[in-house]
Amino acid sequence: MPSMSSTSQTAETSPEEQNADACPVVEAIDTIGSKWRLVVLHNLADDEFRFNELKRETGASSRTLSRVLDDLQEAGLVARRVEDDPLATYYSLTERGEALCPLFSDIEDWAEEWLPATDAETA
């Protein structure tokens with residue numbers, strides 16, 4: 001049986017198969033990689049917050065924050081706790097979400113070393 005050339009193998013291989021090694025990284029970035037998701041996760045790394053406290057801390061609109069919290073809950077990164085008296089909703093990181101905290105430190109270290117300083121930092 002004749003062997004297929006690498007060119008014809010590539011043509012028949014899906015992009016997902018070609019990039020299988022990168023898939024976990026891509027999936028992780030898809031899960032946490034939006035601006036607002038990262039901001040919320042980073043804020044929740046420090047403590048549990050009520051919705052309005054988190055809104056104030058992040059600067060997100062109510063609609064954006066609500067959507068982001070729903071997405072993060074669905075991904076298993078954020079837990080929601082409701083208290084009845086007085087009525088209040090609290091958000092915190094799950095164990096899965098807490099596992100991201102060391103990565104935030106690593107990314108911050110990388111950014112300080114490799115990203116250009118902002119005008120505020122150089123003033």
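Shown above is the structure to which this text applies.
Residues numbered from 1 in each chain as written. Predicted model: local features only at pLDDT ≥ 70, side-chain atom pairs only at ≥ 80, totals over all residues. Heavy atoms only, no water.

### Regarding helix 4 (residues 35–44)
One turn of the α-helix equals 3.6 residues, which is why residues spaced by three or four share an orientation. Among the residues making up helix 4, those that are buried are Arg37, Val40, Leu41, Asn43 and Leu44. Burial along helix 4 is one-sided: seen end-on, the buried residues are contained in an arc of 165 degrees. (Buried < 20%, exposed > 50% of the residue type's maximum accessible area, 1.4 Å probe, protein only. Helix = DSSP H or I, 4+ residues; strand = E, 2+ residues; numbered from the N terminus. Arc of directions from axis to C-beta.)

### Some points on the sheet that holds strand 2 (residues 78–83)
Strand order across the open sheet formed by three strands is 1-3-2, with antiparallel pairing between neighbours. Lying at the two open borders of the sheet, with one neighbouring strand each, are strand 1 (49–50) and strand 2. As judged from the six bridges shared by strand 2 and strand 3 (residues 88–93), these two strands associate in the antiparallel manner. Each residue of the ladder has a partner; that of Arg81, found in strand 3, is Tyr90. Contacting strand 1, strand 2 and strand 3, helix 4 crosses the sheet at an angle of about 90 degrees to strand 3. (Pairing = 2+ DSSP bridges. Contact = heavy atoms within 4.5 Å. Axes fitted to C-alpha atoms, helices over the stretch in contact; angles between N-to-C directions.)

### With respect to the packing of aromatic side chains
In this structure the tally under the stated criterion is zero aromatic pairs. Positioned over the ring face of Tyr90 is Arg81, at 4.4 Å from the centre of the ring. (Phe/Tyr/Trp six-rings, centres within 6.5 Å; stacked < 30°, edge-to-face > 60°. Lys NZ or Arg CZ within 6 Å of the ring centre and 35° of its normal.)

Just distances and angles here, no functional claims.
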